[in-house]
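Working through the structure, step by step
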Amino acid sequence: MKSRLPPLALCGLGYFAPWLWPVPAALRLSGYELVEWMTFAESVRNGTYPITRLDLLWPLAGIALLTALLPSPRGRGAGGEGDSNNLAIAIAALLSLFASYLILPAYPFILTAHTDPELRPQLVLGLVTGLAALFAAALARRRPHWTPLLSSLISLISLFATVRAFLIIRQPLADILSHPAPVGFGFYVAVIGFGLVAM
């Protein structure tokens, strides 16, 4: 079975690399940075463009779940092989939980996020993704034959979410810059990564 690690690494690199490549360089924002930045755009705040934080966080949720599903046990053979595979599953689970943590609102806003209508969905998504990542890690250990299908399905959904997120932010950014922003390499890398994982 082909390794999903290289394309999954592309997904993460693409998400955290610039999605936009405008001048000035300060606006060369990654998908992750756009989560916060877009909420301060006047056209977003006044409802002209109904964009939420979740629109840009769905790809990160997909990365968390794909990371948890990454290792698949190879059976119970030699003890050393089993131990190394258990370690791989544990590391993947920790990395997926870290990705889930990145979805949560930053401190100190997380302390009051449950009462904030804008931050509550982000808090819920982060917590649910963390729980789903733990479930996915357990599934990767107990039902390894399911992981390729689930990984392909999650990748396709994440690919759609990535393209959709980019398309819905294009016009608000064009309004701010007075011209369409050039596409950054991060967006392309993320799309390629999710596409390769899904194959």
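Let us look at the structure shown here. (Residues numbered from 1 in each chain as written. Predicted model: local features only at pLDDT ≥ 70, side-chain atom pairs only at ≥ 80, totals over all residues. Heavy atoms only, no water.)

1. A closer look at the packing of helix α1 (residues 5–16) against helix α8 (residues 185–198)
Closest axis-to-axis distance for the α1/α8 pair is 7 Å, and the angle between their directions is 155°. With respect to their mutual orientation, α1 and α8 come out roughly antiparallel. As for how α1 packs across α8, the hand of that crossing is left-handed. Counting all contacts with α1, which are made through P7, L8, L10, C11, L13, G14 and Y15, the residues of α8 involved are G186, F187, V189, A190, I192, G193, F194, L196 and V197. Looking at side-chain class alone, the contact of α1 with α8 contains 13 nonpolar, three polar and no charged residues. (Axes fitted to C-alpha atoms, helices over the stretch in contact; angles between N-to-C directions. Helix = DSSP H or I, 4+ residues; strand = E, 2+ residues; numbered from the N terminus. Parallel < 35°, antiparallel > 145°, perpendicular 65-115°, else oblique. Left-handed = near helix turned anticlockwise from the far one by under 90°. Contact = heavy atoms within 4.5 Å. Nonpolar A, V, L, I, M, F, W, Y, C, P; charged D, E, K, R; others polar.)

2. Notes on the pattern of salt bridges
Any two side chains of opposite charge can pair if their charged atoms end up close together. With the rule as written, the count across this model stands at three salt bridges. For E118, the salt bridge is made with R53, and the minimal N-O distance between the two is 3.2 Å. One end of the pair, E118, is in the loop between α5 (79–103) and α6 (120–142); the other, R53, is in helix α4 (residues 53–68), and 65 residues separate them in sequence. Under the relative-accessibility criterion, R53 is labelled buried at 9%. For D55, the salt bridge identified is with R164, shortest N-O distance 2.8 Å. Highlighted residues: D55 in helix α4 and R164 in helix α7 (residues 147–177), separated in sequence by 109 residues. According to the relative accessible area criterion, D55 is buried, its value standing at 8%. Of the residues examined, R164 reaches a relative accessible area of 36% and is grouped as partly exposed. (Salt bridge = Lys/Arg side-chain N within 4 Å of Asp/Glu carboxyl O. Buried < 20%, exposed > 50% of the residue type's maximum accessible area, 1.4 Å probe, protein only.)

3. So, α1
Taking 1.5 Å as the rise per residue, α1 with twelve residues should run 16 Å; its terminal C-alpha atoms sit 17 Å apart, in good agreement. All buried positions along α1 are accounted for by P7, L8, C11, G12, G14 and Y15. Around the axis of α1, the buried residues are gathered within 165° of arc, so they sit on the same side. Contacts made by the buried residues of α1 are with α2 (31–37), α4 and α8. (Expected span 1.5 Å × (residues − 1). Arc of directions from axis to C-beta.)

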